[in-house]
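Residue-level structure breakdown
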Amino acid sequence: LDFAVRAADHDFTFVFAFDNGNYAVDFAHQSHALRFSRLEKFFDTRQTLRDVLARRDAIPLEERTRRSETICHALAQLVASSCVCDAYAADSGAPVIAVYAAMRSEVNVDPFVSAAYAQGWVVCFPCMVLDDGEQRACMEFYRVSPRRMAHAREAFLSHPLRRFSRDALESEGYEPVNPHDLDVVAVPLVAFDDAGGRLGYGGGNYDRLLPRLRPDALAVGVAFEEQRVEAVPRDPHDALLPRVVRG
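Residues numbered from 1 in each chain as written. Predicted model: local features only at pLDDT ≥ 70, side-chain atom pairs only at ≥ 80, totals over all residues. Heavy atoms only, no water.

Attention now moves to the pairing of strand β10 (residues 184–188). Regular strands have side chains that alternate between both faces of the sheet. Burial of β10 is extensive: five of the five residues sit out of reach of the surface. Of the two faces of β10, the one lined by V184, A186 and P188 and the one lined by V185 and V187 are each fully buried. Looking at chain direction, strand β5 (residues 96–98) and β10 are connected through two bridges and run parallel. By the bridge assignment for β10, A98 is matched with V185. Across five bridges, the pairing between β10 and strand β13 (residues 218–223) is parallel. Along β13, the bridge assignment pairs V187 with G221. (Buried < 20%, exposed > 50% of the residue type's maximum accessible area, 1.4 Å probe, protein only. Helix = DSSP H or I, 4+ residues; strand = E, 2+ residues; numbered from the N terminus. Pairing = 2+ DSSP bridges.)

What follows is the structure, given as structure tokens:
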């Protein structure tokens, strides 16, 4: 947490700088009024995140496993019936599917991954990568074939928060995928609402990814029903996710 105070014409600005941007509170000396901007959204988001994660964590493991399988079945049906896969069938290509390795109490998409491999689809997983000399990591997707799944789990899938060298991953034989080449993206969620609002963990990785997808790509959220809220705190520029598979 960085804290700064600026003074100009008797107005004071207290700037709280977090990882995902600046959240400012302005104190106007003359009116003695506090004007909350994105800081108010930040605290609303933190509370929503805590509440939803508590509900998701409370789902018993056996029930969570069963419901994850149901969600994965619905997701596989959605992808198989989408126009994306129909178009690829015509030119004998394989759709490129972006998934994720579940952590904590997230929906486990392993059954969907198995179904994707059975269909011959190309499966990609996210990884936080860092170029030499860079300070900030970014999320990129890497192809993982069925025969390399065990190696990938050991190499990076079991460490979703760790930062990896791009050169090291490529030297291990993992091929990066351009977001423009992704046909389907399964988006992990913390919370969602019926208007298409979505809430992640705050890193902004999917906020940056979604606008880079092709217009015909299918982006679909994956969540348990307990993660649905009345309204997700969001800014006008936040990308909406109108389709969520939940169970």
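Next comes the rest of the account.
To continue, consider the packing of aromatic side chains. Under the criterion given, the structure shown has four aromatic pairs. Here F156 and F164 contribute two aromatic rings whose centre-to-centre distance is 6.5 Å and whose plane-to-plane angle is 70 degrees, an arrangement assigned as edge-to-face. Judged on exposure class, the residue F156 and its partner F164 are both buried. Here a set of aromatic residues connected by ring pairs shows up, and it is made of Y142, F156, F164 and Y174. Just above the ring of Y174 sits the side chain of R148; from NZ or CZ to the centre is 4.4 Å. (Phe/Tyr/Trp six-rings, centres within 6.5 Å; stacked < 30°, edge-to-face > 60°. Lys NZ or Arg CZ within 6 Å of the ring centre and 35° of its normal.)

Turning our attention to the pattern of salt bridges. Taken as a whole and judged by the stated rule, the model has eleven salt bridges. The closest approach of N and O atoms between D110 and R153, which form a salt bridge, is 3.3 Å. In this pair, D110 sits in helix α4 (residues 110–119) while R153 sits in helix α5 (residues 149–157), placing the two residues 43 residues apart along the sequence. For R153, a relative accessible area of 32% puts it in the partly exposed group. When the shortest N-O distance is used, the salt bridge between E140 and R166 registers 2.4 Å. In this pair, E140 is assigned in strand β7 (residues 138–143) and R166 in helix α6 (residues 166–171), connecting sequence segments 26 residues apart. (Salt bridge = Lys/Arg side-chain N within 4 Å of Asp/Glu carboxyl O.)

Honestly, it's all geometry; don't read function into it.
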